[in-house]
Structure formats: C-alpha cells, structure tokens
Amino acid sequence: MKKDTQLSQLGREAANSVRTVNLPIHRASTVLFESVAEQRDIQRRWDADEQVPTYGIINMPGVLALENAVAEMEGGYRALTFPSGLAAVAGALLSCVKAGDHVLMPDSCYFPGRRFAEQFLPRYGVTTTFYEPTIGAGIAALMQPNTTVVYTESPGSHTFEMQDIPAIAKVAHAHGAKVIIDNAWATGYFFNAFEHGVDLVIQPATKYYSGHSDVLIGLVIANEATWPQLKSTTYDLGQRASPDDCYLTLRGMRTMGVRLRRHQESALVIAKWMEKRPEVKRVLYPALESHPGHALWKRDYTGAAGLFTVELHPVSDKQLAAMMDHYQHFALGYSWGGFESLVVTAHIARTVNALPSGPLVRYNIGLEDPDDLIRDLEAGFARLAA
Ligand SMILES: Cc1ncc(COP(=O)(O)O)c(C=O)c1O
C-alpha cells in the first residue's frame, strides 16, 4: 500500500473488537455495506422502520442507544435526538403543524419556545394563542376547529404553575389535537407524561439526563401514533445530536435517579427554609404544601426536581444585585439540572397572567451540602439588607 492508502486504512479493524461496559463512540458519516444486496436490504428495513444504521444521521449505535433508553425512561414508544432542547421544542411543534393550523401554548412556557411560536411559526401560516397555564379542562373554550396542538409545560418555566395534564389531554383529544409536554423539570423519572395522556414529550436532556452542564442536547419522545410524523419531520430537517454528546448523556443518565433524589431532598429543605425568611413573599415550588398546584403535583408526580423560584418582597435593583452577585456557591447563569447550584433572575413574558410585584429569583439546588448552601443564602440576605 502507498502512504496515502495507508492513511485511509490503518487502525480501522480494531474499532469494535473490545467488549466494554459502555458503548464506544461511533463518529461517522458513512456506514459501509458488504454488498449491493446488503445495501438494498438495509434500505428496505429502514423504510420498514427497523432500527438499522444506513448513514451517520440514522440509527448509529450510540445515538440509538440513548434514544431507546430515554424513550423507555419517559414511557414512550420511540425517540429522536436533537442538537439542543430548544431544537427539540421546535421539532416537536413542527411535527404537528401545517399552514393554517392553530397552537395553544401556556403563558408560562420556556421563553425561547414561546418566541419560536410567536416569530417563526406565523411565517408558515401557523398561529398561536397563549393560555393561562392552570386552565385545566377550561381549555375547551380556546379550542378552534384548526387547533392541532395543545402544548404544555408543567410546572411552568420560572413561575412553576402546575398544569392538569389529564384534563387538558381529554379536551385536546376530543378535538383531534395532539398534546405536547416539555418534561424537563420532572423527567420521566418523576412524571410519566404518556400515562397522563400526552402524545409527544420534549426532553431537554441538557438538564437532568446529562446532568453535568457540559452538553447541549434534546430529545423528542413519541407514542406509537405520533412516531411516523416525528420521524419524517426530524429527518426532513436533518436533525441529530452528535455521538459524543449522546455518549455523555447516556453516561449522565446512569446517575440521574441518585442525583434527582438528592436534588429533591436538598431543594425541599431549602425551599422550606426560604418560606420562613422575612425577605421572601412566596416560594414557587410544587412540592411545598403552600403551592397552589400542590394537590395536582401529588396526584400525578412521584417527586420534585431541584429547581424553584422565590418571589421577594420589593427591593431595589442595587439590593438584588448585592445579594446575587456575591454568592459563593450559587453561580449566576442560565440553564439548570447540572450538579452545581445556580441562580438567575426570572425572565418572563406574559400576555395572560399578571406579573408578580417583587423580583423573581430562580434557584437550581445542586448536589452540594445543603448546610453550605443555606449559609450562602443567609449571607446573601444579609447583603440585601445592608
Ligand atoms: C424548560 C426548558 N425547556 C427547554 C430548554 C431548552 O434546552 P436547551 O438549553 O438544551 O436548548 C430549557 C433550557 O433552559 C428549559 O429550561
């Protein structure tokens, strides 16, 4: 072999020869076939919806392993990966709409998803009405003949309203509409959305599944009826997460249960502590008995994540900054669901609900010792008062 041929050939035979606990990362565009007959056979099996790899974007082992694992954890039929949670939000919506359709979306949903509905969908003839998230069966009054999607997110981003998903699903299905949920907060570990009537689950696995703040990835999980439309839309858009990110997410998923239980335990201790603070007007955390959606949470969920919002009594921006700028353990930044504690001011847009009177501060309670976190929060309140 000449050097240039060697450069193409060397080291490839060893790729799959070792049995390891975790799957190797397959970085690939091209999947090789033994023969024309095999190429045709694999193509036929792919057309018949078998999980065979045909090309780098389709059914590569590590990506497929994650998709199947998450589909099972969420209680769905099949799943596909996206390069971010937001791409999964867009992909789920696009798989359910066509020009002329109408979408219902909760007023409290993740803001960039809302922006997608407000700015992007109208360019393709799809309109959206935002609804009060605790509307429940009252959603019937907002259904239009062309409503094809009722989008949900429970609890709501930043303001943590619990939604009555079974009641909403009953109405939506009676009108022939699909129900989508962004299940980032609870994950399938704490809430089986499919058992509560949802058709498509969005899982921004950037959060709890990957769990270490080093991956951007999303998945959409479908039930059997919505799988064909999710599959065709996703591949038409050329969406897929990288094999490296799928590897990290599957790795993170191994410890998700342990992490979630610890997040819950610490968040509950800290949320209860927060409730007693004179600076705090309300703690928006569904696991607290004081939360207006507590009964719904108890009925439908088996646990609570480590993310909640605190509404403070009115303070100046200077006081708020004094508190938030100098935490030792609560770094200031977007996202959540990682091992580390974070804090951020709430970023909300409202058309239906009134805005709260005091500032909203969202806390991601990480895996640190809760005693250290409480000391940090206590020092923050002291700075705010000073
Ligand atoms: C509720 C919710 N959905 C979706 C997303 C989007 O996920 P990603 O950051 O992976 O795009 C986020 C991100 O913060 C989120 O909080």
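Residues numbered from 1 in each chain as written. Predicted model: local features only at pLDDT ≥ 70, side-chain atom pairs only at ≥ 80, totals over all residues.

**A word on the overall build of the chain**
The condition that has to hold: Helical segments are the DSSP runs of H or I of at least four residues, strand segments are the runs of E of at least two, and each set is numbered from the N terminus. Radius of gyration here uses only the C-alpha atoms, and the compact-globule reference equals 2.2 Å multiplied by the residue count raised to the power 0.38. Here the C-beta atoms are placed from the backbone, and a residue counts as buried if at least 20 other C-beta atoms lie within 10 Å of its own, exposed if 12 or fewer do, and partly exposed otherwise. Two residues form a contact once the distance between their C-beta atoms, set from the backbone, is within 7 Å.
Tallying secondary structure elements over the chain gives 13 helices and twelve strands in all. The C-alpha radius of gyration computed for the chain amounts to 23 Å, which stays within 12% of the reference 21 Å derived for 386 residues, consistent with globular compactness. The dimensions of the chain, computed from C-alpha atoms along their principal axes, are 75 × 55 × 35 Å. Counting only residues that meet the buried cut, the chain has 46% of its 386 residues in that class. A fraction of 73% describes how many contacts in the chain between residues 6 or more apart in sequence connect residues 24 or more apart.

**Quick look at the domain arrangement of the chain**
Size of an interface: often given as the accessible area lost when the parts come together. Applicable threshold: Domain segmentation is taken from an automatic or database assignment of domains. Under the scheme applied, nonpolar residues are Ala, Val, Leu, Ile, Met, Phe, Trp, Tyr, Cys and Pro; charged residues are Asp, Glu, Lys and Arg; polar residues are all the others, including Gly.
Structurally, the chain comprises domain 1 (15-253) and domain 2 (256-385). Here domain 1 and domain 2 have C-alpha centroids that lie 28 Å from each other. Only helix 5 (111-120), strand 3 (127-131), helix 7 (187-190) and helix 9 (243-253) provide two or more residues apiece to the side of domain 1 that touches domain 2. Of the residues that constitute the side of domain 1 that touches domain 2, the class distribution is 15 nonpolar, nine polar and six charged.

**Overview of the packing of helix 4 (residues 85-94) against helix 5**
Definition in use: Between N-to-C directions, angles span 0 to 180 degrees; the directions come from axes that are lines fitted to C-alpha atoms, helices contributing only their stretch in contact. Here roughly perpendicular refers to angles of 65 to 115 degrees, roughly parallel to angles under 35, roughly antiparallel to angles over 145, and oblique to all remaining angles. In a left-handed crossing the near helix is turned counterclockwise from the far helix by less than a right angle, and in a right-handed crossing that turn is clockwise.
Put simply, helix 4 and helix 5 touch, their axes get as near as 9 Å, and they point 40° apart. Judged by the inter-axis angle, helix 4 sits oblique to helix 5. By crossing handedness, the relation of helix 4 to helix 5 is classed as right-handed. Counting all contacts with helix 4, which are made through L86, V89, A90 and L93, the residues of helix 5 involved are P112, G113 and F116. For the contact of helix 4 with helix 5, the class distribution of residues is six nonpolar, one polar and no charged.

**Quick notes on the sheet that holds strand 12 (residues 360-364)**
Heads up, the rule is: For two strands to pair, DSSP has to find at least two bridges joining them.
Pairing is mixed across the open sheet formed by five strands, whose spatial order is 8-9-12-11-10. Of all strands in the sheet, those bounded by a partner on one side alone are strand 8 (280-284) and strand 10 (331-332). For strand 11 (residues 342-345) and strand 12, the ladder comprises four bridges, and the chain directions are antiparallel. Residue pairing in the sheet places V343 in a bridge with Y363 of strand 12. Those strands touched by helix 10 (residues 256-275) are strand 8 and strand 9 (307-312), and its axis lies near 155° from that of strand 8.

**Quick look at the site of the ligand**
Selection rule: Near residues are defined by distance alone, with the backbone-placed C-beta atom required to lie within 6 Å of the molecule or strand.
By nearness alone, 13 residues border the ligand, and S84, G85, L86, P204 and T206 come closest of all. Tallying contributions element by element places helix 4 first for the shell around the ligand, with three residues. Split by residue class, the shell around the ligand holds six nonpolar, six polar and one charged.

**Section: helix 10**
We apply this condition: Helices are assigned an expected span. That span is 1.5 Å times one less than the residue count. By definition, the arc is the one covered by directions from the helix axis to the C-beta atoms.
Given a rise of 1.5 Å per residue, 20 residues ought to cover 28 Å, and the 27 Å separating the end C-alpha atoms of helix 10 matches this to within 8%. Inspection of helix 10 places M256, R259, L260, H263, S266, A267, I270, A271 and M274 among the buried residues, and these make up the whole buried set. For helix 10, the angular spread of buried residues about the axis comes to 145°, placing them on one side. Buried-residue contacts for helix 10 involve helix 7, helix 9, strand 8, strand 9 and helix 13 (370-385).

**So, the pairing of strand 4 (residues 147-153)**
Selection rule: We call a crossover right-handed when, viewed with both strands directed away from the observer, the connection leading from the first strand over the helix to the second proceeds clockwise.
Summarising burial for strand 4: seven of the seven residues are buried, a large majority. In the sheet, strand 2 (residues 102-106) pairs with strand 4 via three bridges, with the strands oriented parallel. What sits directly across from H102, in strand 4, is T147. Handedness of the crossover is the feature at issue here: the chain leaves strand 4, passes through helix 6 (residues 165-174), returns alongside strand 5 (residues 178-182), and the resulting connection is right-handed.

**Structural notes on the pairing of strand 6 (residues 200-203)**
In strand 6, alternate side chains face the same way, and those of L200 and I202 on one face and V201 and Q203 on the other are all buried. Two strands pair when backbone bridges link them, and strand 5 and strand 6 are joined in this way by three bridges, in the parallel orientation. Of the residues in strand 6, the one forming a bridge with I181 is V201.

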